[in-house]
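Descriptive analysis of the structure
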Amino acid sequence: MQTYQNTVDGTLTEPASHYEIFNPANGQSLGFAPESDEQEVDRAVQSAVDAQKSWAERSDQERCETVQKIAQILEENSEYLAELITREQGKPLSGPGSRFEMQACVGWTQVPASLKLAPEVVYEDDERKDTLHRVPLGVVAAIVPWNWPLMIAIWQIIPAIRMGNTVVLKPSEYTPIATLEMVRLINQALPAGVLNTVTGDGAIGSKLTHHPDTNKIMFTGSEATGRRIIEASARNLSPITLELGGNDAAIVMPGTDIKAIAMDLFWGAFLNMGQTCACIKRLYVHDDDYEAVMSELSAIASQMKLGDGMDESVLIGPLQNNMQFEKVKELISDARSGGCDIREFGDVPNKGYFLPLTLVGNIKDGQRLVDEEQFGPALPIIRYSELEDAIGCANRLEAGLGASLWADNATDASELATRLEAGTVWINQHGAIHPMVPFGGNKASGYGVEFGIEGLKAVTQSRVISIKK
Ligand code: NAD
């Protein structure tokens, strides 16, 4: 059985210890993941420090060309990495699964390499000229979760190195191996030390974020860990990009053609078995449309095949880990004991962390499945009589990552969109992120944005050159 390895200073390292990784669809062993010790964190950060100056001195064009080479490597190895993602994370190869995740990795690599962030004259008169330059921050500590392990790692790595930083990445302890393989491959295009990895749980993450030689923290994960990251950032006054959990509301406006939107609503909620930060987690529908929504979503859910995602005909896989599996079961059972209408779909395999696709009706705000981020395939469908009440419900929680409005007339929806308290409000789509469009949370879903020009700025500091004429 293979033991996967960290990359430090361009070299694969011998692990201090290792642990076994199992396929969430069938419990089979996938091999061993390395576990870094504190010394390895020190070595990885030191190698990033050593590489950073000369990497930053290269021209912008040279760095962009290197990033384009990385995109090519990702493209050439996409099937290999997609299969590893499916075996390790659980999302199927087909549909919006691991091949889709690899396509996103390629796109989110190509786009930052095609953007320009030139110095900007911010003020000029007869006496002075002030130009704002964007310079790298130094060493970026990048910490990612287990739901879209490679895509989220790419979101953090690529803008950082494109702008002249170096990176130490810590994948989630649940999904390290596909990420380690991706980093090993990407390193073929990079000078040693520009991109390093360390592995382990929160204690290793904490060692990395508290390290005196890191200069920026990129973090995607839960709100609870996010608060610890903020504390860690005080050590070095490190700027942070925080992408935290969501509990996205979708509101279907009265009288909308439900058949026309049902498939997009379904995938908006069940993408990656609901284990997506910006998935629909609460669906608000008008009393008059409730039965139609229930029946259209039921019809779609009943056609979906659950199973091991290596089977090309499977579109719905398992949950990624036991912790998540137990948590979602508990929220469904709380809804069941609260008298909700629970409708389950799909033949659940008898091995692995599978749950049926679950629609939950007769449920209200205040019940746990509505108020907590369920991060699984269980969608609460909440009735409203007045649109105003639905907007109030959508805004009542602390989470503010995404939200969506669904209507036959997009203009009506646009007028309401600015009243929803979320980093992105989608109309007639949900979770439709794009590498050119800034993405980030409001309220307790974090701060700072990724993607596009704003995402590049977030991995730099500003330096003003001010000339007296
Ligand atoms: P998590 O917070 O438990 O773990 C995330 C990462 O942080 C892991 O690598 C973990 O090892 C590390 N970590 C844990 N404690 C740490 C500490 N004290 N210091 C440094 N690192 C530490 O989150 P998770 O369960 O892996 O991911 C699920 C959560 O991520 C959900 O809430 C989801 O909504 C959120 N998420 C948000 C986005 C977004 O873009 N906003 C995207 C995906 C996932």
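Now for a quick tour of the structure. Keep in mind that what you see is a predicted model, and the values were worked out from it rather than measured.

1. Here's the deal with the packing of helix α3 (residues 78–89) against helix α6 (residues 177–186)
Describing two packed helices takes the angle between their axes plus the distance from one axis to the other. Contact geometry of α3 with α6 gives a least axis separation of 8 Å together with a crossing angle of 160°. Of the possible angle classes, the one that applies to α3 and α6 is roughly antiparallel. Between α3 and α6 lies a crossing of left-handed hand. Contacts between α3 and α6 involve Tyr80, Leu81, Leu84, Ile85 and Glu88 from the first element and Ile177, Ala178, Glu181, Met182, Arg184 and Leu185 from the second.

2. Regarding the packing of helix α5 (residues 149–162) against α6
It is the contact of α5 with α6, at a shortest axis distance of 9 Å, that shows an interaxial angle of 45°. Of the possible angle classes, the one that applies to α5 and α6 is oblique. Remark: the crossing between α5 and α6 carries right-handed chirality. Every residue of α6 that contacts α5 at Pro149, Leu150, Ala153 and Ile154 is listed here: Ala178, Thr179, Met182 and Ile186. The class makeup of the residues in the contact of α5 with α6 is seven nonpolar, one polar and no charged.

3. Describing the side chain of Gln275
Mapped onto the secondary structure, Gln275 falls in the loop between α9 (258–270) and β13 (280–286). The exposure class of Gln275 is buried, given its relative accessible area of 0%. A polar atom in the side chain of Gln275 sits 3.0 Å from the backbone nitrogen of Gln320.

4. What about the site of the ligand?
Inspection of the region around the ligand gives 30 residues, with Glu173, Ser222, Thr225, Leu244 and Glu373 positioned closest. Val144 has a polar backbone atom sitting 2.8 Å from an oxygen atom of the ligand. Lys170 places a side-chain nitrogen or oxygen 2.8 Å from an oxygen atom of the ligand. When the ligand sits alone it has 850 Å² of accessible area, and the protein chains cover 90% of it. Taken together, the elements giving at least two residues each to the shell around the ligand come down to α7 (202–209), β10 (216–220) and α8 (223–233). Along the lines of polarity and charge, the residues of the shell around the ligand split into 13 nonpolar, 11 polar and six charged. The two domains that each donate at least three residues to the shell around the ligand are domain 1 (7–244 + 445–468) and domain 2 (249–434).

5. Considerations on the nonpolar core
Leu74 and Ile161 are the most contacted members of the largest nonpolar core, which has 64 residues in total. Counting residues in each nonpolar core, the second largest holds 60 residues, with Leu297, Leu306, Leu359 and Tyr384 among its members.

6. Observations concerning the sheet that holds strand β11 (residues 240–243)
Pairing is mixed in the open sheet, where six strands are placed in the order β9-β8-β7-β10-β11-β21. Taken across any chain shown, the strands that pair with only one partner, and hence form the sheet edges, are β9 (195–197) and β21 (446–447). As defined by bridge partners, β11 adjoins β21 across two bridges and the pair is classed as antiparallel. Looking at the pairing, Leu242 lines up with Tyr447 of β21.

7. Section: the pairing of β10
The element β10 is largely enclosed, with a buried count of five among its five residues. Burial along β10 is two-sided: Lys216, Met218 and Thr220 facing one way and Ile217 and Phe219 facing the other are all buried. Bridge count for strand β7 (residues 139–143) against β10 is four bridges, and the pairing is parallel. Its bridge partner being in β10, Ala142 is matched across the sheet by Met218.

8. What about the sheet that holds β13?
With mixed pairing, the seven strands of this open sheet are ordered in space as β14-β15-β16-β13-β12-β18-β19. Since the sheet does not close on itself, it has two edges, and those belong to β14 (341–345) and β19 (424–427), each with one partner. In this sheet, adjacent strand axes meet at a mean angle of 20° when their direction is disregarded. In this structure, strand β18 (residues 402–406) lies alongside β19, joined through four bridges in parallel fashion. Its bridge partner lying in β19, Ser404 is registered against Trp426. Together, β12 (248–252), β13 and β16 (378–384) form the strand contacts of helix α13 (residues 387–395), whose direction differs from that of β12 by roughly 170°. Contacts from helix α14 (residues 410–417) reach β18 and β19, with the element oriented near 165° to β19.

9. Let's talk about the packing of aromatic side chains
In the structure shown here, the tally under the stated rule is 11 aromatic pairs. Taken together, a centroid distance of 6.1 Å and an interplanar angle of 65° make the contact between Phe100 and Trp148 edge-to-face. Here Phe100, found in helix α4 (residues 98–114), pairs with Trp148, found in the loop between β7 and α5; they are 48 residues apart in sequence, far enough to count as distant. The buried category is assigned to Trp148, whose relative accessible area is 3%. With 5.5 Å between their ring centres and 45° between their planes, Phe325 and Tyr353 make a pair best called tilted. Residue Phe325 is found in helix α11 (residues 322–337), and its partner Tyr353 is found in the loop between β14 and β15 (357–361); the two are separated by 28 residues along the sequence. Looking at Phe325, the relative accessible area reads 12%, which means it is buried. The exposure class assigned to Tyr353 is partly exposed, which follows from its relative accessible area of 27%. The structure contains a cluster of three or more aromatic residues connected by ring pairs, namely Trp108, Trp155, Phe439 and Phe451. Over the aromatic face of Trp148 sits the side chain of Lys91, whose NZ or CZ is 4.1 Å from the ring centroid. Sitting over the face of the ring of Tyr290, Arg383 holds its NZ or CZ atom 4.3 Å from the ring centroid.

Conventions and cut-offs
Position numbers for residues count from 1 along each chain, tracking the sequence in the order it is written. In keeping with the predicted nature of the model, local features appear solely for residues at pLDDT of at least 70, side-chain atom pairs appear and are counted solely at 80 or more, and the whole-chain, interface and lining totals rest on all residues. For side-chain calculations, the full set of non-hydrogen atoms in the structure is used, while hydrogens and water are omitted. All axes are obtained by fitting lines to C-alpha atoms, using only the stretch in contact for helices, and the reported angles, taken between N-to-C directions, cover 0 to 180 degrees. Segments assigned H or I by DSSP are reported as helices when at least four residues long, segments assigned E as strands when at least two residues long, and all are numbered from the N terminus. For classification purposes, angles smaller than 35 degrees are called roughly parallel, those larger than 145 roughly antiparallel, those between 65 and 115 roughly perpendicular, and all remaining angles oblique. Left-handed describes a crossing in which the near helix is turned anticlockwise from the far one by less than a right angle; the clockwise case is right-handed. Should any heavy atoms of two residues lie within 4.5 Å, those residues are counted as being in contact. Gly is placed with the polar residues, together with every amino acid not listed as nonpolar (Ala, Val, Leu, Ile, Met, Phe, Trp, Tyr, Cys and Pro) or charged (Asp, Glu, Lys and Arg). Relative accessibility thresholds used throughout: buried, under 20% of the residue-type maximum; exposed, over 50%; partly exposed, between the two (1.4 Å probe, protein chains only). Nitrogen and oxygen atoms within 3.5 Å of one another constitute a polar contact, given that in protein one can donate a hydrogen and the other can accept it, and given that sequence-neighbouring residues count only through two side-chain atoms. Whether a residue is near a molecule or strand is decided by its heavy atoms; if any one of them lies within 4 Å of it, the residue is near. Note that accessible areas follow from Shrake-Rupley with a 1.4 Å probe, and for residues the cover is restricted to the protein chains shown. How far each domain reaches was decided by an automatic or database domain assignment. Each nonpolar core is a collection of buried residues, namely Ala, Val, Leu, Ile, Met, Phe, Trp, Tyr and Cys, held together in the definition by side-chain atoms within 4.5 Å. Any two strands are treated as partners once DSSP identifies two or more bridges connecting them. Whether two aromatic rings pair depends on their centres lying within 6.5 Å, for rings of Phe, Tyr and Trp, where Trp uses its six-membered ring; planes under 30 degrees apart make the pair stacked, over 60 edge-to-face, and the rest tilted. A ring is considered to have a charge above it if a Lys NZ or an Arg CZ atom is located within 6 Å of its centre and within 35 degrees of its normal.

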